[in-house]
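Residue-level structure breakdown
Residues per chain are reported as follows:
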Amino acid sequence: MRILVIEDEKKIASFIKRGLKENNYTVDVAFDGDKGLFLAEINPYDLIVLDIMLPGKDGLFICRELRKKNIGVPILILTARDDLEDKISGLDSGADDYLTKPFAFGEFLARVRALIRRKADVKTTRLKVADLELDQLTHRVRRAGREIELTRTEYALLEYMMLNANEVVTRTMISEHVWNEDFDSFSNVINVYVNYLRKKIDSGFEKKLIHSIRGTGYILREE
Ligand code: CA
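A quick note: this is a predicted structure, and the numbers were derived from the prediction, not measured.

Calculation criteria
- Residues numbered from 1 in each chain as written.
- Predicted model: local features only at pLDDT ≥ 70, side-chain atom pairs only at ≥ 80, totals over all residues.
- Heavy atoms only, no water.
- Helix = DSSP H or I, 4+ residues; strand = E, 2+ residues; numbered from the N terminus.
- Rg over C-alpha atoms; globule rule 2.2 N^0.38 Å.
- Buried < 20%, exposed > 50% of the residue type's maximum accessible area, 1.4 Å probe, protein only.
- Pairing = 2+ DSSP bridges.
- Axes fitted to C-alpha atoms, helices over the stretch in contact; angles between N-to-C directions.
- Contact = heavy atoms within 4.5 Å.
- Salt bridge = Lys/Arg side-chain N within 4 Å of Asp/Glu carboxyl O.
- Donors = N, O, S within 2.8 Å, 3.2 Å for Na, K, Ca; no water.
- Right-handed = clockwise from strand over helix to strand, strands pointing away.
- Polar contact = N/O pair within 3.5 Å; in protein donor to acceptor, adjacent residues only side chain to side chain.

A word on the overall build of the chain. Along the chain, the regular secondary structure elements total 8 helices and 12 strands. In terms of overall size, the chain behaves like a compact globule, its C-alpha atoms giving a radius of gyration of 18 Å where 223 residues would be expected to give roughly 17 Å. Principal axes of the C-alpha set define a box for the chain whose edges measure 60 × 35 × 30 Å. Counting the 223 residues in the chain, one finds 49% classified as buried.

Written out as structure tokens, the structure reads:
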């Protein structure tokens with residue numbers, strides 16, 4: 001899951017980025033409103049964390065602008081001011097939730113998970129396809145009850161495929177939701193990681209869960 005953080009306070013931005021990466025999210029950061037809006041318009045993020053007071057375009061403007069363009073990405077507003085007016089205008093501008101700074105990272109993460117879940121129309125933090133289970137709270141992955149160790153990127157890729165189980169995910173979709181702005185679209189890194197995942201998830205099991213769709217991408221499904 002790929003998240004855009006638009007926050008001009010470098011300390012807070014790097015704190016959020018580090019915490020999200022530790023939780024296997026892919027993160028892009030913009031330190032001003034203009035860059036933030038630009039990135040939000042060109043990339044299909046799974047969530048945007050948006051500060052209100054920003055150099056360049058402010059958070060409320062960005063929110064309204066994205067909604068005007070029918071970009072329905074979940075938006076979590078961060079506000080330094082514990083001001084009811086701010087929260088109301090934030091939600092009225094099209095934000096989905098807000099959090100007042102300073103905040104506990106645990107609460108921030110829970111809201112991030114809830115917003116992404118709502119968008120994926122998933123009601124639980126335990127994703128399950130056949131006998132493959134992924135727990136978004138503990139990041140533990142099991143197949144047939146046996147624990148599987150995954151790297152950060154492998155986990156992010158599997159989580160994305162499980163949230164979209166039974167649907168074809170194209171290489172473009174994967175590159176846009178699992179990798180960040182630094183992704184090199186000419187590399188074969190996606191194939192490489194899908195193969196790593198296959199070795200860990202499917203190898204040794206009669207029933208394969210990861211299937212290739214020739215020329216398009218992959219599908220995770222029971223049959
Ligand atoms: Ca700010």
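We now examine the sheet that holds strand 1 (residues 2-6). An order of 2-1-3-4-5 is seen for the 5 strands of this open sheet, with the pairing classed as parallel. Taken across any chain shown, the strands that pair with only one partner, and hence form the sheet edges, are strand 2 (26-30) and strand 5 (97-100). Sheet twist, expressed as the average angle between the axes of neighbouring strands with direction ignored, equals 20 degrees. Bridge count for strand 1 against strand 2 is 5 bridges, and the pairing is parallel. Opposite Ile6, over in strand 2, you have Ala30 as the bridge partner. Strands in contact with helix 1 (residues 10-22) are strand 1, strand 2 and strand 4 (75-79); relative to strand 2, the strand with the most contacts, it is inclined by about 170 degrees.

Another point: the pattern of salt bridges. This model, assessed by the stated rule, comprises 18 salt bridges. Here Lys200 makes a salt bridge to Glu154, at a shortest N to O gap of 2.8 Å. Of this pair, Lys200 sits in helix 8 (residues 189-201) while Glu154 sits in helix 6 (residues 152-163); the two residues are 46 residues apart in sequence, bridging distant segments of the chain. Among the charged side chains, a salt-bridge network with shared partners connects Glu7, Glu9, Asp51 and Lys101.

Before going further, it helps to examine unusual backbone geometry. A negative phi holds for most residues other than glycine; trans holds for most peptide bonds. Looking along the chain, the bond that leaves Lys101 and enters Pro102 is cis, with omega of -5 degrees. On the secondary structure map, Pro102 appears in the loop between strand 5 and helix 5 (105-120). One non-glycine residue, Asn70, adopts positive backbone phi at about 60 degrees. Secondary-structure assignment places Asn70 in the loop between helix 3 (59-68) and strand 4. Even without a glycine there, the phi angle at Asn166 is positive, about 70 degrees. Following the sequence through the fold, Asn166 ends up in the loop between helix 6 and strand 10 (168-170).

The subject of this paragraph is the coordination of the calcium ion. Of the protein atoms, only Asp8 (OD), Asp51 (OD) and Met53 (O) coordinate the calcium ion, at distances of 2.1 to 2.3 Å. Mapped onto the sequence, the donors of the calcium ion take the spacing D-x42-D-x1-M. With Asp8 in the loop between strand 1 and helix 1 and Met53 in the loop between strand 3 (47-51) and helix 3, this residue pair connects regions lying 45 residues apart in the sequence. In this structure Asp8 comes out as partly exposed when scored by relative accessible area, which is 27%. The exposure class of Met53 is exposed, given its relative accessible area of 54%.

Another point: the pairing of strand 2. Taking burial as the measure, the 5 residues of strand 2 include 5 buried ones, the bulk of the element. Taking the sense of rotation as the criterion, the β-α-β connection linking strand 1, helix 1 and strand 2 turns out right-handed.

Right, let's talk about the side chain of Gln136 for a bit. Here Gln136 lies in the loop between strand 7 (132-135) and strand 8 (141-143). Here Gln136 falls in the buried class, since its relative accessible area comes to 9%. Side chain to side chain, Gln136 and Glu159 meet in a polar contact 2.8 Å long. The contacts of Gln136, once residues within four sequence positions are left out, are Arg113, Thr124, Thr125, Leu127, Tyr155, Glu159 and Leu163.

Another point: the sheet that holds strand 11 (residues 210-213). Sheet strands pair by backbone hydrogen bonding; their relative direction is either parallel or antiparallel. Reading across the sheet, the 3 strands line up as 10-12-11 and stay open at both edges, with antiparallel pairing between neighbours. If you trace the sheet from one side to the other, it starts and ends with strand 10 and strand 11, each paired once. Ignoring strand direction, the axes of neighbouring strands in this sheet form an average angle of 30 degrees. Judged from the 4 bridges that link them, strand 11 and strand 12 (residues 217-220) form a sheet pairing that is antiparallel. Paired with Ile210 across the strands is Leu220, a residue of strand 12. Here helix 6 sits on the sheet in contact with strand 10, strand 11 and strand 12, set at roughly 70 degrees to strand 12. Its contacts with the sheet put helix 7 (residues 171-178) on strand 10 and strand 12, and the angle it makes with strand 10 is roughly 75 degrees.

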